[in-house]
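Structural characterization, general
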Amino acid sequence: MTTQTFAELGVPAALVGSLAAQGIGEPFPIQAATLPDSLAGRDVLGRGKTGSGKTLAFSLPLVTRLTGRRSQPSRPSGLVLAPTRELATQITATLAPLAALSGLSVTTIYGGVAQSRQVSALRSGVDIVVACPGRLEDLMRQKLINLDAVATTVIDEADHMADLGFLPGVTRILAATPAGEQRLLFSATLDNGVDKLVRRFLTDPVLHSVDEAADAPVQMTHHVFHVGGVEAKRALVHRLASGTGRRILFMRTKHQARKLAKQLTEAGVPSVDLHGNLSQPARERNLAAFSSGEARVLVATDIAARGVHVDGVELVVHVDPPMEHKAYLHRSGRTARAGSDGDVVTVVLPEQRKDTQQLLRRAGISVRPRDVDANSTEVKDLVGEIAPLRTAPAPVAKPAARTSDHRGADPRRGGPARTGRPPRRRGPRQGAQRTARTGG
């Protein structure tokens, strides 16, 4: 079946032209499925995993519906709720240029930073607010924002909101928006109370499911590398980090993420860390360094498993296997994005083998483990060309005083612009499972 163009789906010409200028000519499946209904003003429930193109799927109808409206001070016309700072910032980066074409303004609201600039933007009469629940509720309690004029509300990654314990706040926020106005909810799953949000706040919603979250990520090759001990693991991880392309290494703890990033950088492999102990400016600096290529390696805790979207990540390494299969899938989803392929490696110590085998089975991954060390053929083929060591390594941001908000403004926010995929040299793969991509 021939895919419809954005124009054929009903997207206004000015927005179509903006997308074309960015090299976006063909809709992803989630966009093609939802746009006819969302552009018509209906409530939509979109199910699709991270990386499926949901941001444009709600940004285009949001801008279209609000075009021609003028917002009052502190009374926005559009609202997008996001679970993390990283995702909120990234949504704004996609949404703001489209909104500007229609004379609409956008601001981002999240905790961990001073609220003064956010309040100033609201008082200027901003049209669209992209917000994390904790700070937004703070501003509502201070009567610095009123949601009674919101015409379209978007809830993005609602299942992640549930995982972080934000649904009570999201419920209070939605209750403050006008009943009968448009609501668009996007989520990979409908468990953990998301279904209750749908039943209470969406009116006769149209359901569109694309790229079910239970499926393993697509166009992705999975590898399981068994190592004999801690020293062999350390050498293997350093080799996996040494290639020319962009890669993300996942750790369980903030301390270990910071330590590994420092070790790699000192060894001439420019790396940055991302975890909850970093201040917001430090997060943004580190993500910008990773996005620009100044740092080739991002060492992260599960804070980056969702909400950090950088195209061109060729390798994800589970240095510490995650605790549950959803985390495996979300971590792994940082690669094989926007039509590019990618690899996922899980490094397994002897005492982790049984638990990791069960984890992969629940994730739907079938792959034969390999006993390897840093010099094994399988590892060399996967890493490809070794990047020159950098004698003047990029600095790793030090942790700052934690600025947590127990009401939802959890220090998990920020986000870089998307970048192109770096070149890579690859050899034949062994002991791997490959899946074929069906959408963006």
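Here, the structure is the one placed above.
Let us look at the structure shown here.

What counts, and where the lines are drawn
Each chain has its residues counted from 1, running along the sequence as written. At least 70 in pLDDT is required for a residue's local features to be given in this predicted model, at least 80 for side-chain atom pairs to be given and counted, and no such filter applies to totals for whole chains, interfaces and linings, which use all residues. Derived side-chain values reflect all non-hydrogen atoms in the structure, with water molecules and hydrogen atoms excluded from consideration. The numbering of helices and of strands both runs from the N terminus, where a helix is a DSSP run of H or I of at least 4 residues and a strand a run of E of at least 2. Think of it in three bands: residues with accessible area under 20% of the maximum for their type are buried, residues over 50% are exposed, and the middle band is partly exposed, with areas taken using a 1.4 Å probe on protein chains only. Note on contacts: a residue pair qualifies if any of its non-hydrogen atoms lie within 4.5 Å across the two residues. Only the protein chains shown count as cover for residues, and all accessible areas are computed by the Shrake-Rupley method using a 1.4 Å probe. Axis definition: a line fitted to C-alpha atoms, limited for helices to the stretch in contact. Angles are taken between N-to-C directions and run from 0 to 180 degrees. If you view the pair so one helix is near and one far, a crossing is left-handed when the near helix is turned anticlockwise from the far one by less than a right angle, and right-handed when it is turned clockwise. Following the grouping adopted for this structure description, the nonpolar residues are Ala, Val, Leu, Ile, Met, Phe, Trp, Tyr, Cys and Pro, the charged ones are Asp, Glu, Lys and Arg, and the polar ones are all others, Gly among them. At least two bridges found by DSSP between two strands is the condition for calling them paired. Crossover handedness is defined here as right-handed if the route from the first strand over the helix to the second strand goes clockwise, with the strands pointing away from the viewer. The aromatic pairing rule takes the rings of Phe, Tyr and Trp, using the six-membered ring of Trp, and pairs them if the centres are within 6.5 Å, calling planes under 30 degrees apart stacked, those over 60 edge-to-face and the rest tilted.

1. Here we look at the overall build of the chain
- For the chain, the helix and strand inventory stands at 15 helices and 15 strands.
- Here the chain, with 440 residues, has 59% of them falling under the buried criterion.
- For the chain, contacts bridging at least 24 residues in sequence account for 80% of all contacts bridging at least 6.
- Surface summary for the chain: the accessible area is close to 17,200 Å², and the carbon and sulfur share equals 51%.

2. Here's the deal with the packing of helix H3 (residues 54-66) against helix H4 (residues 85-101)
- Running from amino to carboxyl end, H3 crosses H4 at an angle of 30 degrees, the nearest separation of the two axes being 10 Å. The element H3 and its partner H4 pack so that their crossing is right-handed. Taking contact as the criterion, the partners of Thr55, Leu56, Phe58, Ser59, Leu60, Leu62 and Val63 in H3 are, on H4, Ile91, Thr94, Leu95, Leu98 and Ala99.
- Classifying every residue of the contact of H3 with H4 gives 9 nonpolar, 3 polar and no charged.

3. Description of the pairing of strand E10 (residues 271-274)
- Going residue by residue along E10, you find Ser271 and Asp273 tucked away on one face and Val272 and Leu274 tucked away on the opposite face as well.
- Two elements, E10 and strand E11 (residues 297-300), share 4 bridges in a ladder whose sense is parallel. Directly across from Asp273, in E11, lies its bridge partner Val299.
- Taken together, E10, helix H12 (residues 280-292) and E11 constitute a β-α-β crossover, and its handedness is right-handed.

4. Some points on the packing of aromatic side chains
- With the rule as written, the count across this model stands at 1 aromatic pair.
- Plain terms: the ring middles of Phe58 and Phe186 are 5.7 Å apart, the flat faces sit at 55 degrees to each other, and that makes the pair tilted. Of the two residues, Phe58 is situated in helix H3 and Phe186 in strand E6 (residues 182-187); the sequence distance between them amounts to 128 residues.
- Judged by relative accessible area, Phe58 falls into the buried class, the value being 0%.

5. A word on the sheet that holds strand E7 (residues 206-209)
- Spatially, 7 strands are ordered E3-E4-E2-E5-E6-E1-E7 in an open sheet, and the strand pairing comes out parallel. In this open sheet, the two strands that pair with only one neighbour each are strand E3 (106-109) and E7. Taking the axes of each pair of neighbouring strands and ignoring which way they run, one obtains an average angle of 15 degrees across the sheet.
- Where strand E2 (residues 78-81) and strand E4 (residues 128-131) come together, 4 bridges link them in parallel fashion. In the strand pairing of E4, Val80 is matched with Val130.
- Contacting E2, E4, strand E5 (152-155) and E6, H3 runs over the sheet at an angle of about 170 degrees to E6.
- Contacting strand E1 (44-47) and E6, helix H9 (residues 194-201) crosses the sheet at an angle of about 165 degrees to E6.

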